[in-house]
Amino acid sequence: MNNQNLFVALRDAFPADLGRTAVETDDGLVYSWGDLDRATAMMANLLDSLELPAASRIAVQVEKSVEAMVLYLATLRAGHVFLPLNTAYQSGEIEYFIGNAEPAVVVCSPKNFGWVSQIAFKAGTKHVFTLGEDRSGSLLERAAHHGDQHTPALRQDDDLAAILYTSGTTGRSKGAILTHGNMRSNAVMLRAYWQWQPDDVLIHALPIFHVHGLFVAIHGALINGSKMIWLSRFDPKQAIARFPEATVFMGVPTLYVRMLAEPTLTPAQAAHMRLFISGSAPLLIETFNDWQTRTGHTILERYGMSETVMLTSNPCGPDPRYGGATERRGGTVGFPLPGVTLRVMEDGGREVAPGEIGGIQVNGPNVFKGYWRMPEKTAEEFTADGFFKTGDVGRVDERGYVTIVGRSKDLIISGGYNVYPAEIESAINDMPGVMESAVVGVPHPDFGEVGVAVIIPRPGATVDPDQVIAALKSQLANFKIPKRCIVVDELPRNTMGKVQKNLLREQYKDAFA
Ligand code: MLC
Ligand code: AMP
């Protein structure tokens, strides 16, 4: 039987000369393709030696490193399910993910071993390893005792490969289940659509615990046998300095905004680059235009989600499906990708006329299989005819370009990270002296959008905004913390008594102007 394991597709694309450089890090380390092959084999052999049930979850909260990527690839290779966790998550958040996913293995930073292992062992996890950004920790020590040959586990398209937690409008986070087929189909299609070239070199500047950095960027380079210049954290000066050695860059809009603030960003510096890709959050038209002026390159904006990997993209070359269109239109996210069906629906369930606004629904081989152990939530998010309701609101113009105009889900996207107001409000509402709160997203010059918390105290109580922020910092990932906290006497409400968040957004829209 044909092995449909995603790792096999990636491994098959490695260049014949395994001695060539696959990854070069910002601290000067060089990994060949052979190194990646052997390192993933050793780690997969370590996982095999644990005799885990098939499709065990491997939960990972570690700093960005090439070894962390190797752990992802080894998890696929061994046929298990990768569960990446943002390094900003605090203990309460980690406890929920581990409790919900019941991972067989947890890998954490050495400095967090004490509290993470306590949570993991309590939840029934059998193995907790550590992995530091400097190649320290028990994971590599143990892997070093294993052989560097490994036959990839046999997997079919519908088998689970990864779980990505994404929050909902209400309630707790849901684990989106992505299969080997979801990710391989998307990677293969993007290789063609973005016209990856034999000599392409990718600057990898994003975190590797979300779709953008982990899947779009890593799969993109590996499935084309392309070298990566690996930046352990994003620094605009350093990224620009590497442009002459590279051809492809992927970033969230904040990365482009920060690079535009650097005087070293010039057409000459960017002359060797082929493609700049932006996604995960709306790219402002000013950023799109400024980038063109400052570098001579037109950013290609695309749109995706944890549940679907990539859905739409502006064209890289002529798109025959759209009359050979080549224009990358600022403010749009381009065309549905080959294989993706995208429709815009009105509330009553009818498709809108071209140019009209409605809810975006999608289907295709890239769309996830559902939420981990949440059949009701899964059923709610799919239509009877199998389309996934993205929660994004948009329109498709007569030429086929998709524009996202808003979201029906109450979501703030801050610097490319999702923040769900309900989670923050619930933490604030539990604080002494607080009667009620509302968190809304407002424009921010660096992060695009940030949260502002508006709080009503209980009668007779006083609420100190600084204390609210300090208390939130001890409970939640730092990017979720509202950038401002305002105490008021009342919140605007409609006749049903519901807080009118649109009025709050309007009232505080210039808070960071
Ligand atoms: C950091 N901070 C943020 C933040 N990132 N605040 C709001 N939003 C963010 N995104 C705050 C911290 O809380 C901290 O505040 C201060 O900034 C410094 O923290 P830092 O970690 O040093 O920040 P920095 O390194 O500058 O990080 C900024 C960033 C990072 C833009 C580089 O946020 C980032 O890498 N974003 C990319 C996210 C991403 O990959 N998204 C893809 C999702 S996939 P304090 O007060 O504590 O000092 C997806 C699907 C798709 O959406 O389509 O791709
Ligand atoms: P996540 O759940 O983290 O994968 O975030 C997915 C969400 O990010 C989508 O539902 C969109 O709301 C948003 N998103 C991704 N790409 C874009 C884009 N290019 N423009 C606007 N929003 C985007």
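Residues numbered from 1 in each chain as written. Chains lettered and ligands numbered in written order. Predicted model: local features only at pLDDT ≥ 70, side-chain atom pairs only at ≥ 80, totals over all residues. Heavy atoms only, no water.

Remarks on the site of ligand 1
So, step 1. Taken together, 21 residues lie around ligand 1, and Arg258, Ser280, Arg302, Ser414 and Lys483 are the ones closest in.
So, step 2. The contact in question runs from an oxygen atom of ligand 1 to an N or O atom on the backbone of Gly304, over 3.2 Å.
So, step 3. At a separation of 2.8 Å, a nitrogen atom of ligand 1 approaches a polar backbone atom of Ser414.
So, step 4. Elements with a minimum of two residues in the shell around ligand 1: helix H8 (211-222), helix H10 (253-260) and strand E13 (300-305).
So, step 5. In terms of residue class, the shell around ligand 1 is made up of 8 nonpolar, 9 polar and 4 charged. (Near = heavy atom within 4 Å. Polar contact = N/O pair within 3.5 Å; in protein donor to acceptor, adjacent residues only side chain to side chain. Helix = DSSP H or I, 4+ residues; strand = E, 2+ residues; numbered from the N terminus. Nonpolar A, V, L, I, M, F, W, Y, C, P; charged D, E, K, R; others polar.)

Observations regarding the layout of surface pockets
So, step 1. One number sums up the size of the second largest pocket: a volume of about 160 Å³.
So, step 2. Taken together, Tyr31, Asp35, Ala39, Met42, Met43, Val66, Glu67, Val70, Leu140 and Ala143 form the lining of the second largest pocket.
So, step 3. Elements with a minimum of two residues in the lining of the second largest pocket: helix H2 (33-49), helix H3 (66-77) and helix H6 (138-143).
So, step 4. Residue contributions to the lining of the second largest pocket peak at 4 residues, all from H2.
So, step 5. Considering only residue class, the lining of the second largest pocket consists of 8 nonpolar, no polar and 2 charged. (1 Å grid on protein atoms, 1.4 Å probe; cavity = no way out; pocket = protein on both sides within 12 Å on 5 of 7 lines; lining within 4 Å. Points joined across faces, edges and corners; volume = space filled by probe spheres on them.)

Some remarks on the domain arrangement of the chain
So, step 1. Here the domain parsing of the chain yields domain 1 (1-14 + 30-156), domain 2 (326-407) and domain 3 (412-507).
So, step 2. Summarising the inter-unit geometry, the C-alpha centres of domain 1 and domain 2 are found 33 Å apart. (Domains from an automatic or database assignment.)

Quick word on the pairing of strand E10 (residues 227-230)
So, step 1. Strand direction decides the pairing type here: strand E1 (residues 21-25) and E10, joined by 3 bridges, are parallel. In the sheet register, Val23 faces E10, and the bridge partner there is Met228.
So, step 2. With 4 bridges joining them, strand E9 (residues 201-204) and E10 adopt parallel strand pairing. Across the sheet, His204 pairs through a bridge with Trp230, a residue of E10.
So, step 3. For the crossover from E9 across H8 to E10, the handedness is right-handed. (Pairing = 2+ DSSP bridges. Right-handed = clockwise from strand over helix to strand, strands pointing away.)

Description of the pairing of strand E8 (residues 174-179)
So, step 1. Along E8, 6 of the 6 residues are buried, which leaves the element largely enclosed by surrounding structure.
So, step 2. Here E8 shows no split at all, with Lys174, Ala176 and Leu178 on one side and Gly175, Ile177 and Thr179 on the other all buried. (Buried < 20%, exposed > 50% of the residue type's maximum accessible area, 1.4 Å probe, protein only.)

Topic: the site of ligand 2
So, step 1. Residues in contact with ligand 2 amount to 16 residues; listed here are only the nearest, Arg302, Ser306, Asp392, Lys409 and Asn418.
So, step 2. Interatomic distance of 3.1 Å between a backbone N/O atom of Ser280 and a nitrogen atom of ligand 2.
So, step 3. Lys409 places a side-chain nitrogen or oxygen 2.6 Å from an oxygen atom of ligand 2.
So, step 4. Bound to the protein, ligand 2 loses 92% of the 500 Å² it would expose on its own.
So, step 5. Sorting the residues of the shell around ligand 2 by element identifies E13 and strand E19 (402-407) as the ones contributing at least two each.
So, step 6. If one sorts the elements of the shell around ligand 2 by residue count, E13 sits on top with 5 residues.
So, step 7. Looking at side-chain class alone, the shell around ligand 2 contains 7 nonpolar, 4 polar and 5 charged residues. (Areas by Shrake-Rupley, 256 points an atom, 1.4 Å probe, with all protein chains shown as cover.)

Notes on H3
So, step 1. The first and last C-alpha atoms of H3 sit 16 Å apart over 12 residues, in line with the 16 Å expected at 1.5 Å per residue.
So, step 2. With 12 of its 12 residues buried, H3 lies for the most part within the structure.
So, step 3. Residues of H3 that are buried include every one of Val66, Glu67, Ala68, Met69, Val70, Leu71, Tyr72, Leu73, Ala74, Thr75, Leu76 and Arg77, and no others.
So, step 4. Phi turns positive one or two residues past the end of H3, at Gly79, with a value near 85°. (Expected span 1.5 Å × (residues − 1).)

Some remarks on unusual backbone geometry
So, step 1. The backbone of Glu51 shows a phi angle near 50°, a positive value even though the residue is not glycine.
So, step 2. With respect to the element layout, Glu51 can be found in the loop between H2 and strand E3 (57-61).
So, step 3. Located in the positive-phi region is Val309, a residue other than glycine, with phi close to 50°.
So, step 4. Considering the arrangement of structural elements, one finds Val309 in strand E14 (residues 309-313).

Brief notes about the packing of helix H4 (residues 91-101) against helix H5 (residues 113-122)
So, step 1. Following both chains from N to C, one finds H4 and H5 inclined at 30°, their axes separated by 10 Å at the closest point. The angle between H4 and H5 falls in the class roughly parallel. Pair H4 / H5 crosses with right-handed handedness. Across the interface between the two elements, Ser91, Ile94, Glu95 and Ile98 from H4 touch Trp115, Ile119, Ala120 and Lys122 from H5.
So, step 2. Residues that form the contact of H4 with H5 fall into these classes: 5 nonpolar, 1 polar and 2 charged. (Axes fitted to C-alpha atoms, helices over the stretch in contact; angles between N-to-C directions. Parallel < 35°, antiparallel > 145°, perpendicular 65-115°, else oblique. Left-handed = near helix turned anticlockwise from the far one by under 90°. Contact = heavy atoms within 4.5 Å.)

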